[in-house]
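Report on the structure
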Amino acid sequence: MRSWVIVSDFRRRTALVTGASSGIGAALAEALAARGADLVLTAPDEERLVLVADRLRALHGVAVETIAVDLAYEDSPDRLAEKVLAAGHEIDILVNCAGFGTRGRYDELAAERDHHEVMVNVVAVERLAHLFLPAMVERGRGTVINVSSTSGFQAVPYMAVYGASKAFVLSFSIALWAEYRSRGIRVLALCPGPTDTNFFDALGSRMNAGGRLRTTDEVVTSAFRALDNGQPYVIDGRLNYLTSNASRLLGRGLVAGITARVLGANGRG
Ligand SMILES: NC(=O)c1ccc[n+]([C@@H]2O[C@H](COP(=O)([O-])OP(=O)(O)OC[C@H]3O[C@@H](n4cnc5c(N)ncnc54)[C@H](OP(=O)(O)O)[C@@H]3O)[C@@H](O)[C@H]2O)c1
């Protein structure tokens, strides 16, 4: 039984969720289904997507469609949008959750993997907003949830591209929140800290996950509470809130230096 409380009503609304095949994206999709939203779910792995879709249809009786797309390529967001529109969907809620991290000394990381990381974590988020936000503005209502991270609040040595990508998402989302809140559109940057998902398997390291991992239910609870409160961003968890503000209190250089020692000492790559 899920622990989050249902406040907003998304009946007769359709949500497009990227990164919906597992982890936080699948949990956000489930929370939206519980609030009555029909879903368009996307991720590269079709099989995993279909499992999530079948489950949510059975549990919540909402319409769920899957579109398998790898967002690492330049034309992927446009191809996704074409398929969504061709299927006759009007997207009221856009959830940009697809993402992954790379870890290691920058000069030793595979350049192509880092490039794909920027394409998925940054370029796709921005492009999908361009593709779906104008129609929300026209309708005078809509919701955008962009998944950033506590890593977005500081430079992250040995995960330099990841931290920078999430800083983009945080800044971009807060700016859109301020631009569109008077037009009936809610924009939220969701900033989880270490959370129990497949993220660390994809990263190839569990080193970052010291302490208790947060659950996807906790992250979803934070997200919907913040959305209902009209917040521009939310950091999930009190400890994550404190550590995210360390850069502000101690200075960016000092925090980056401490992080370099911790992540550098934790083994490279
Ligand atoms: N877990 C954490 O500690 C944590 C903390 C802060 C922020 N986040 C962020 O939360 C978001 C979701 O991650 P998660 O923790 O739920 O990890 P996850 O379980 O690994 O989920 C990642 C999702 O992104 C999708 N994805 C990966 N590469 C993709 C690509 N090239 N194109 C399209 N979709 C792709 C995956 O699809 P496939 O299943 O098909 O690969 C999966 O659905 C990410 O943006 C991540 O940066 C996670």
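Structure's up top.
All values reported here derive from a predicted model rather than from experimental measurement.

Notes on the nonpolar core
Core analysis: the biggest nonpolar cluster contains 36 residues, and Leu28, Leu32, Leu39, Leu41, Leu190 and Phe224 have the highest contact counts within it. Breaking this core down by element, the ones donating at least two residues are β1 (14–18), α1 (23–34), β2 (38–43), α2 (46–60), β4 (93–96), β5 (142–147), β6 (185–191) and α7 (216–229). Ignoring anything within four residues of it in the chain, the contact list for Phe224 reads Phe10, Leu28, Ala31, Leu32 and Arg35. Among the nonpolar cores identified, the runner-up in size contains 28 residues, and Leu16, Leu94, Tyr180 and Ile185 belong to it.

A short note on the site of the ligand
Ser21, Ser22, Asp70, Tyr162 and Thr197 are the nearest of the 31 residues found near the ligand. A distance of 2.6 Å is found between an oxygen atom of the ligand and a side-chain nitrogen or oxygen belonging to Ser21. In this structure, Gly193 approaches the ligand through a main-chain N or O atom, which is 3.5 Å from an oxygen atom. If the ligand stood free it would expose 890 Å²; the protein chains cover 91% of that surface. Breaking the shell around the ligand down by element, the ones donating at least two residues are α1, α5 (160–180) and α6 (199–203).

Focus: the pairing of β2
In terms of residue burial, β2 counts as a mostly covered element, since 5 of its 6 residues are buried. Inspection of the sheet shows β1 paired to β2 by 5 bridges, in the parallel sense. By the bridge assignment for β2, Thr14 is matched with Asp38. In this region the chain leaves β1, passes through α1 and returns to the parallel neighbour β2; the handedness of that crossover is right-handed. Crossover connection from β2 via α2 to parallel strand β3 (residues 64–68): handedness right-handed.

Here we look at the environment of Leu28
Relative to the assigned elements, Leu28 resides in helix α1. Given the relative accessible area of 0%, Leu28 is considered buried.

Looking at the packing of α1 against α7
α7 packs onto α1 with a crossing angle of 55° between their chain directions and a minimal axis gap of 9 Å. The angle between α1 and α7 falls in the class oblique. Our pair here, α1 against α7, has a crossing hand that is right-handed. Facing α1, whose interface residues are Gly23, Ile24, Ala27, Leu28, Ala31 and Leu32, α7 presents Thr216, Val219, Val220, Ala223 and Phe224.

Some thoughts on the pattern of salt bridges
According to the stated counting rule, one finds 15 salt bridges in the structure shown. Arg212 is the partner of Glu218 in a salt bridge, and the nearest nitrogen-oxygen pair spans 3.0 Å. A relative accessible area of 23% places Glu218 in the partly exposed class. Residue Arg212 is classed as exposed on the basis of its relative accessible area, which comes to 57%. One salt bridge in this structure joins Asp236 and Arg214, with 2.8 Å as the shortest N-O distance. Here Asp236 is found in the loop between β7 (233–235) and α8 (238–244), whereas its partner Arg214 is found in the loop between α6 and α7, with 22 residues between them in sequence. Asp236 gets classed as buried once you look at its relative accessible area, which sits at 0%. Look at the salt bridges and you will find they share partners, linking Glu90, Asp92, Arg139 and Arg141 into a network.

Looking at the state of the cysteines
Evaluation of the coordinates by the stated rule reveals 0 disulfides. Not engaged in a disulfide, the cysteine Cys97 finds its nearest cysteine sulfur in Cys191; these two sulfurs lie 12 Å apart. The buried category is assigned to Cys97, whose relative accessible area is 10%. You can call Cys191 buried: its relative accessible area is 0%.

Structural notes on the pairing of β1
The buried fraction of β1 is high, at 5 of 5 residues. Neither face of β1 is open: one carries Thr14, Leu16 and Thr18, the other Ala15 and Val17, and all of them are buried. As paired elements, β1 and β4 share 3 bridges and run parallel to each other. Opposite Leu16, over in β4, you have Leu94 as the bridge partner.

Conventions used here
Residues numbered from 1 in each chain as written. Predicted model: local features only at pLDDT ≥ 70, side-chain atom pairs only at ≥ 80, totals over all residues. Heavy atoms only, no water. Core = buried A, V, L, I, M, F, W, Y, C linked by side-chain atoms within 4.5 Å. Buried < 20%, exposed > 50% of the residue type's maximum accessible area, 1.4 Å probe, protein only. Helix = DSSP H or I, 4+ residues; strand = E, 2+ residues; numbered from the N terminus. Contact = heavy atoms within 4.5 Å. Near = heavy atom within 4 Å. Polar contact = N/O pair within 3.5 Å; in protein donor to acceptor, adjacent residues only side chain to side chain. Areas by Shrake-Rupley, 256 points an atom, 1.4 Å probe, with all protein chains shown as cover. Pairing = 2+ DSSP bridges. Right-handed = clockwise from strand over helix to strand, strands pointing away. Axes fitted to C-alpha atoms, helices over the stretch in contact; angles between N-to-C directions. Parallel < 35°, antiparallel > 145°, perpendicular 65-115°, else oblique. Left-handed = near helix turned anticlockwise from the far one by under 90°. Salt bridge = Lys/Arg side-chain N within 4 Å of Asp/Glu carboxyl O. Disulfide = S-S within 2.5 Å.

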